[in-house]
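# Examination of the molecular architecture
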Amino acid sequence: MNVRYPRLLVSRNKILENAARVVERCARSGISLTGVAKGVCAREPVVRAMAEGGCAELGDSRIDNLASIRTMNLGLPLLLLRIPMPSEISLVVRIADRTLVSMAETVSVIDRECRAAGKTHEVVVMADLGDLREGVWMGRMEKIAAALKASPRVRCVGVGVNFGCFGGVLPVPEKLEQLLSIGKELERSLEYPLPVYSGGSTSSLALLENGTMPAGINNLRVGEAILIGADVTGSRDIPWLHQRTVCLEAEVIEAYRKPSVPVGPLGLDAFGGAPVFEDRGERLRAIAAVGRQDVRIEGLTPELSGAVILGGSSDHTIIDVEHVRPEPALGDIMRFFPDYGALLALSTSPYVAFDVV
Ligand SMILES: *Cc1c(COP(=O)(O)O)cnc(C)c1O
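Procedures and definitions
- Residues numbered from 1 in each chain as written.
- Predicted model: local features only at pLDDT ≥ 70, side-chain atom pairs only at ≥ 80, totals over all residues.
- Heavy atoms only, no water.
- Helix = DSSP H or I, 4+ residues; strand = E, 2+ residues; numbered from the N terminus.
- Contact = heavy atoms within 4.5 Å.
- Near = heavy atom within 4 Å.
- Polar contact = N/O pair within 3.5 Å; in protein donor to acceptor, adjacent residues only side chain to side chain.
- Areas by Shrake-Rupley, 256 points an atom, 1.4 Å probe, with all protein chains shown as cover.
- Domains from an automatic or database assignment.
- Buried area = accessible area lost by both parts, 1.4 Å probe.

### Concerning the environment of Gly135
Among the structural elements, Gly135 can be located in the loop between strand 6 (121-128) and strand 7 (136-137). Between the C-alpha atom of Gly135 and that of Ile319, which follows or precedes it by 184 residues, the distance is 42 Å. Once residues lying within four places of it in the same chain are set aside, the contact partners of Gly135 are Ser102, Met126, Ala127 and Asp128.

### Some words on the site of the ligand
As a structural note, the neighbourhood of the ligand is formed by 14 residues, with Lys38, Thr202, Gly223, Glu224 and Tyr340 the closest of them. Between the ligand and the protein, one listed contact pairs an oxygen atom with a backbone N or O atom of Glu224 at 2.9 Å. In this structure, an oxygen atom belonging to the ligand sits 2.6 Å away from a side-chain N or O atom of Tyr340. When the ligand is considered free in solution it has 380 Å² of accessible area, and contact with the protein chains removes 92% of it.

### As for the domain arrangement of the protein chain
When its domains are assigned, the protein chain resolves into domain 1 (11-237) and domain 2 (246-356). Using C-alpha coordinates to define each centre, domain 1 is positioned 36 Å away from domain 2. In this complex, domain 1 contributes twelve residues to the contact, which on the side of domain 2 involves ten residues. Carbon and sulfur atoms make up 73% of the area that domain 1 and domain 2 hide from each other, which totals about 1,100 Å². Of all residues in domain 1, Gly39, Arg43 and Ile228 give up the largest surface area on contact with domain 2, accounting jointly for 42% of the area buried on that side.

In structure tokens form, the structure reads like this:
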């Protein structure tokens, strides 16, 4: 096979094992797991690994990704994670089984599109408990509860919350207790029980690990932990999961010894930034053929010890390899481990190939 670079190489088995371990850890506390596929743009082998690992549901933030998961016929319910655009709701009720919502008007549009399509749809109402991304602020549910009561084709199945997404707010037991009481109140107002209490994402696993997850939280929506074994909000690797499950391979297109400070009058770089340089004399530098168009360069860790990423432009990543032995040469393949943000970008670049080992 003719390998194309740059490419992402994914270890299907490590991701399968991560999924199974997270499923098992959650199950011990009565928590079902929604496997979140957006980090790899819902690539089929990875989605299948999540299903095989025992995820009870599959989620993605993009309806296009859910549509491709739908064609995999895995027999699992599909959850749309990003509160929907009104303009996509006719598609959403055909493709997704469940959707996260935060506005009364959205519920009404879902009901209307369901009537047009002859369908029903389930929703999970998001509460914003301080992270300041989506959700009904601190659970002021009156308006959305009224819309749900007036929408016979929309069934509310639960409440959910996000942490660590915009505000970087950490999940703590008190916040999840708050979610439980918000859900109870919504149950009273809707006059039916809500089976789903969705207590967040990867960052909420910490509460399971230290035994502080409040009883009653019975679902988590997890991507990052399964995909790369990390928790960026808690800035940690998760010790009972595999890291380095995915690597980026990029080809060296130049290797030269050059000064460490630019020569000539300085303007701004290609992205309008004003980079700062430290004079370390002449250094051996490699250029790898992958760039900001494909990846968040700051989210890459080189595999080679001694290699340091200096920066990059749209199509180039520049790496100090002065202390790397053997010295990288033209045509060598350099490997990097992406963090979650870098993985997300790499997975959606049409210039980056995707292979499974
Ligand atoms: C991405 C996402 C998740 C999964 O988050 P991870 O940090 O990958 O575990 C959960 N819920 C929502 C709404 C999301 O957008």
